[in-house]
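Chain by chain, the residues:
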Amino acid sequence: MSSENPMESSYTFTHAIVRIPGTNFAEGLTSVDFGIPDYPTVRLQHSAYIAALKTACGLQVTVLPADDSYPDGTFVEDTAIVTPHFAVMTRPGAASRAGEVSAMEDTIRAHFQTVYSITEPGTLDGGDICDAGDTFFIGISHRTNEEGAHQLASILESNGYRAVMVDIRGMKNILHLKSGIAYIGDQRLVMWQDFAEMACFNDYEKIITLPEENYAANCIRINEHILIPADYDHLADQLETRGYSLIPLVMEEFQKMDGGLSCLSLRFFKEP
Ligand code: GLY
């Protein structure tokens, strides 16, 4: 794979933050009917995720304790946008998740000198933000409103990034923008067919998921690997054909709660 400047790359990471799922994980928000998560299995799948970040990807991982105040709190990605230069505390669109941000803020401030915040009436979930190098795609969804999207765009643009809005409010069966697209470096995006005709993605090679494999579009490039949900063979073949090293992880318990691989961590680069 080609190398990119670590400070500008959207997949070169040294650190990650995760949170152990709470015992009331099954009381979180979900739009799917795949059954009730089994807590011991949730913990096993989460442990395997942490091990992949630490051992295979070489990240320094901050593991926050479970917090039963927020059943969705293990989906830490929604609480902040992290770049090599600064962080942005979000303002989640679901009322039950609003408090997750203050529960994360001290940890973010321990790593970042410059921390912005999305403010009322803006709402924004980190899952709606796709970092593609010098461009950030910002999903306007049922969680991220136009005001929140514009606040983030303004922060990004004042720091030299390009911000592109992607309105997904009319799409079916999608929670966040990154439920349906992932930037994997090398000017490539994994995406649902639904995104393929959008002009904003014309400059990218598009790796299209089969409809029955749409869940796997939420994969994450981390350094020289791509974490991908296990058992999505068509996408795995497409990625391996292009030379990527895959780390398949069983995600069934998180899928029951509308969660994907990216949702489970905040990933960022810090100079050694
Ligand atoms: N359960 C993840 C979310 O709805 O935010």
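In this text, all values refer to a predicted model and were calculated from it rather than measured experimentally.

Here is what the cut-offs are and how they apply
- Residues numbered from 1 in each chain as written.
- Predicted model: local features only at pLDDT ≥ 70, side-chain atom pairs only at ≥ 80, totals over all residues.
- Heavy atoms only, no water.
- Buried < 20%, exposed > 50% of the residue type's maximum accessible area, 1.4 Å probe, protein only.
- Helix = DSSP H or I, 4+ residues; strand = E, 2+ residues; numbered from the N terminus.
- Arc of directions from axis to C-beta.
- Contact = heavy atoms within 4.5 Å.
- Near = heavy atom within 4 Å.
- Polar contact = N/O pair within 3.5 Å; in protein donor to acceptor, adjacent residues only side chain to side chain.
- Areas by Shrake-Rupley, 256 points an atom, 1.4 Å probe, with all protein chains shown as cover.
- 1 Å grid on protein atoms, 1.4 Å probe; cavity = no way out; pocket = protein on both sides within 12 Å on 5 of 7 lines; lining within 4 Å.
- Sits in = over half its atoms within 2 Å of the grid points.
- Pairing = 2+ DSSP bridges.
- Axes fitted to C-alpha atoms, helices over the stretch in contact; angles between N-to-C directions.
- Salt bridge = Lys/Arg side-chain N within 4 Å of Asp/Glu carboxyl O.
- Points joined across faces, edges and corners; volume = space filled by probe spheres on them.
- Nonpolar A, V, L, I, M, F, W, Y, C, P; charged D, E, K, R; others polar.

Residues lying three or four places apart along an α-helix face the same way, a consequence of the helix completing one turn every 3.6 residues. Taken together, the buried positions of helix H5 (residues 233-241) are Leu235, Ala236, Gln238 and Leu239. Projected onto a plane normal to the axis of H5, the buried residues spread over an arc of 160° and lie on a single side. Of the exposed residues in H5, those oriented more than 90 degrees away from the buried face are Asp233 and Thr241. Elements in contact with the buried residues of H5: strand S10 (188-191), strand S11 (205-208), strand S13 (225-229) and strand S14 (245-249). Looking one or two places after H5, you find Gly243, whose phi comes out positive at around 95°.

Near the ligand you find Leu29, Asp72, Phe75, Arg97, Arg143, Leu175 and Met257, and these make up its full shell. A distance of 2.7 Å separates a nitrogen atom of the ligand from a polar atom in the side chain of Asp72. When the ligand sits alone it has 200 Å² of accessible area, and the protein chains cover 98% of it. A molecule is said to occupy a pocket when more than half its atoms come within 2 Å of that pocket's grid points, and by this definition the ligand occupies the second largest cavity.

Taken together, three strands build an open sheet; the order of strands is S12-S13-S14 and the sheet is mixed. Every interior strand has two partners, whereas the edge strands, strand S12 (220-222) and S14, have only one. Taken over all neighbouring pairs, the strand axes of this sheet differ in orientation by 30° on average, direction set aside. Here S13 pairs with S14 via five bridges, running parallel. Bridge assignment links Leu227 to a residue of S14, and that residue is Ile247.

A separate point is the pattern of salt bridges. Tallying each qualifying case throughout the model produces 13 salt bridges. Linking Lys178 and Glu77 is a salt bridge whose minimum nitrogen-to-oxygen distance equals 2.7 Å. Of this pair, Lys178 sits in helix H4 (residues 177-180) while Glu77 sits in the loop between strand S2 (60-64) and strand S3 (80-82); the two residues are 101 residues apart in sequence, bridging distant segments of the chain. Accessibility expressed as a relative area gives 12% for Lys178, which makes it buried. Judged by its relative accessible area of 4%, Glu77 is buried.

Glancing now at empty space enclosed by the protein. Under the counting rule described, the total for this entry stands at four cavities of 30 Å³ or more. Computed from the structure, the largest cavity encloses a volume of approximately 350 Å³. Taken together, 23 residues form the lining of the largest cavity, with Glu77, Ile129, Asp131, Lys178 and Arg267 sitting closest to its centre. At the level of elements, S3, strand S6 (129-132), strand S9 (181-183), S12 and strand S15 (266-268) are the ones that each hand at least two residues to the lining of the largest cavity. A breakdown of the residues in the lining of the largest cavity according to their chemical character gives 13 nonpolar, five polar and five charged. Around the second largest cavity, the lining residues are Leu29, Asp72, Phe75, Asp78, Arg97, Arg143, Leu175, His176, Met257, Asp258, Gly259 and Cys263. Partitioning the lining of the second largest cavity into residue classes produces five nonpolar, two polar and five charged.

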